Amino acid sequence: MRKFVFSSAMIGVVAGGWNTVQATRHGPRDWRLVMLWLGWGLSAAVAIGTVIEDANKRQVES
């Protein structure tokens, strides 16, 4: 769990998620909002994959 909390990629995803939530609350509801959420979801998937891959590499090297 600690590897996810302290990862700079995950911190960036959380910050991006906050901006996405604020845009959803205050912005117009159109196709751009869907694209914003899709982009955030893809960013989250890449960040999670990166953290897991780095943890597996460290485990193999040990």
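Please refer to the structure higher up on the page.
Conventions we followed
- Residues numbered from 1 in each chain as written.
- Predicted model: local features only at pLDDT ≥ 70, side-chain atom pairs only at ≥ 80, totals over all residues.
- Heavy atoms only, no water.
- Core = buried A, V, L, I, M, F, W, Y, C linked by side-chain atoms within 4.5 Å.
- Buried < 20%, exposed > 50% of the residue type's maximum accessible area, 1.4 Å probe, protein only.
- Helix = DSSP H or I, 4+ residues; strand = E, 2+ residues; numbered from the N terminus.
- Contact = heavy atoms within 4.5 Å.
- Salt bridge = Lys/Arg side-chain N within 4 Å of Asp/Glu carboxyl O.
- Expected span 1.5 Å × (residues − 1).
- Arc of directions from axis to C-beta.
- Polar contact = N/O pair within 3.5 Å; in protein donor to acceptor, adjacent residues only side chain to side chain.

Now for the nonpolar core. Core analysis: the biggest nonpolar cluster contains five residues, these being M10, V13, A44, A47 and V51. The element that contributes the greatest number of residues to this core is helix α3 (residues 31-61), accounting for three residues. Beyond its immediate chain neighbours, meaning those up to four positions away, V51 contacts K3, F4, S7 and M10.

Applying the stated criterion to the full structure yields two salt bridges. Between D30 and R32 there is a salt bridge; the shortest N-O distance is 2.7 Å. Of the residues examined, D30 reaches a relative accessible area of 24% and is grouped as partly exposed.

What follows concerns the environment of V13. Locating V13 in the fold gives a position in helix α2 (residues 8-26). Taking the C-alpha atoms as reference, V13 lies 9.4 Å from I48; in sequence the two are 35 residues apart. Each residue touching V13, except ones within four places of it in the same chain, is listed here: W40, S43, A44 and A47.

Before going further, it helps to spend a moment on α2. Counting along an α-helix, one turn takes 3.6 residues, and residues three or four places apart therefore face a common direction. With 19 residues, α2 extends 27 Å between its outermost C-alpha atoms, agreeing within 8% with the 27 Å of an ideal straight helix rising 1.5 Å per residue. All buried positions along α2 are accounted for by M10, V13, G17, T20 and T24. The arc enclosing the buried residues of α2, seen along the axis, measures out at 75°, which places them on a common side. Those residues of α2 that are exposed and aimed more than 90 degrees away from the buried face are S8, W18, N19 and H26. At the N-terminal end of α2, a side-chain oxygen is found 3.3 Å from the backbone nitrogen of A9, two or three residues along, and the residue is S7.

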